[in-house]
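# Results of the structural survey
Take a look at the letters that make up each chain.
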Amino acid sequence: MKILQPTFFLFVFIPLVKLAPPIQQESFNFYDYDTDFIKGKMVQQDDEMKFKDVRKDGMIDSPDTNVKLQNDESIPDVPPTKDTNLPTCLLCVCLSGSVYCEETDIESVPPLPKETAYLYARFNKIKKVVVSDFADIPTLKRIDFTGNMIEVIEDGTFSKLLLLEELSLAENKLVKLPVLPPKLITFNANHNRIKSRGIKANAFKKLTNLSHLYLGHNALDSVPLNLPESLCILHLQFNNITTIKDDTFCKSNNTRYVHPHMEEIRMEGNPIILGKHPNAFSCLRTLPTGAYY
């Protein structure tokens, strides 16, 4: 009788082990920031990735490292407007304190994260800006509303934004200016319908940091009063300015005064003949551009 070799027993009793299939990577649908259609899928690349809840009612839940759609339902089609439950950062792009809401067809200022410092809401359909839009956002440093349809801005909308340095309201439908914030450095209101009576006499007087002021292509009939000495660039081209005073840029009681910062004044496209007002420019280092005869 032969004795079976040990290797034979090993072969018989070793269980057959079938390798488990590779773990399928999980995916979920997401919205493109400027549309209400589902644009594609994002694949979870790392088991340690965690995604925040992107909807108040818990549409996407991430208590651990798994990402699941509630009840395996797809994201419903919801128009990207301010009145929906979608957060602004799903409609727009939020990145390190900046919010980009350009060309999204919004009709009002969307709710902003409280840490927002830079808002770009260009080329939309915003018609009105109110105090409550920025009441809880004291961190704003730059706002750009270029290319909207803004007709009305409540007076207190920007006045309490103590860190705001750059404000663009260009290419809108404004006929008057709101109260401006005290630390403003650059203000652009080109291509509006602003009239001289729509600018308060002391609108710019206390803006001691203001260096760039753009009011070209409006309906002004005079140069704004009480401009600060901090101004370097002033654009007033293509208005209806017909006259200018000796103390608009200079000090009529001080013939030795030289404007410390002014580098450029544009007044072309106005009916005024600048050559008739030589004393108005005697303190400037360079003459304004425009018609002199």
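For the structure, check the block above.
Residues numbered from 1 in each chain as written. Predicted model: local features only at pLDDT ≥ 70, side-chain atom pairs only at ≥ 80, totals over all residues. Heavy atoms only, no water.

### What about the side chain of Asn192?
Topologically, Asn192 is positioned in the loop between β12 (186-188) and β13 (212-214). Among the polar contacts made by the side chain of Asn192, one reaches the main-chain amide nitrogen of Lys173 at a distance of 3.3 Å. Engagement of the side chain of Asn192 in a polar contact is seen with the backbone nitrogen of Leu174, the distance being 3.0 Å. In this structure Asn192 touches Leu169, Ala170, Glu171, Asn172, Lys173, Leu174, His217 and Asn218, once residues within four positions along its chain are discounted. (Helix = DSSP H or I, 4+ residues; strand = E, 2+ residues; numbered from the N terminus. Polar contact = N/O pair within 3.5 Å; in protein donor to acceptor, adjacent residues only side chain to side chain. Contact = heavy atoms within 4.5 Å.)

### What to know about the side chain of Asn218
In this fold, Asn218 is placed in the loop between β13 and β14 (233-235). With relative accessibility at 10%, the residue Asn218 sits in the buried group. Of the polar contacts made by the side chain of Asn218, one reaches the backbone oxygen of Gly216; its length is 3.1 Å. Setting aside residues no more than four positions away along its own chain, Asn218 makes contact with Ala189, Asn190, His191, Asn192, Arg193, Ile194, Phe238 and Asn239. (Buried < 20%, exposed > 50% of the residue type's maximum accessible area, 1.4 Å probe, protein only.)

### Description of the environment of Glu166
Looking at the secondary structure, you find Glu166 in strand β11 (residues 166-168). We classify Glu166 as partly exposed; its relative accessible area is 31%. For the pair formed by Glu166 and Asn188, sequence separation is 22 residues and the distance between their alpha carbons is 8.4 Å. Residues contacting Glu166, with those up to four places away along its chain left out, are Lys141, Arg142, Ile143, Leu184 and Thr186.

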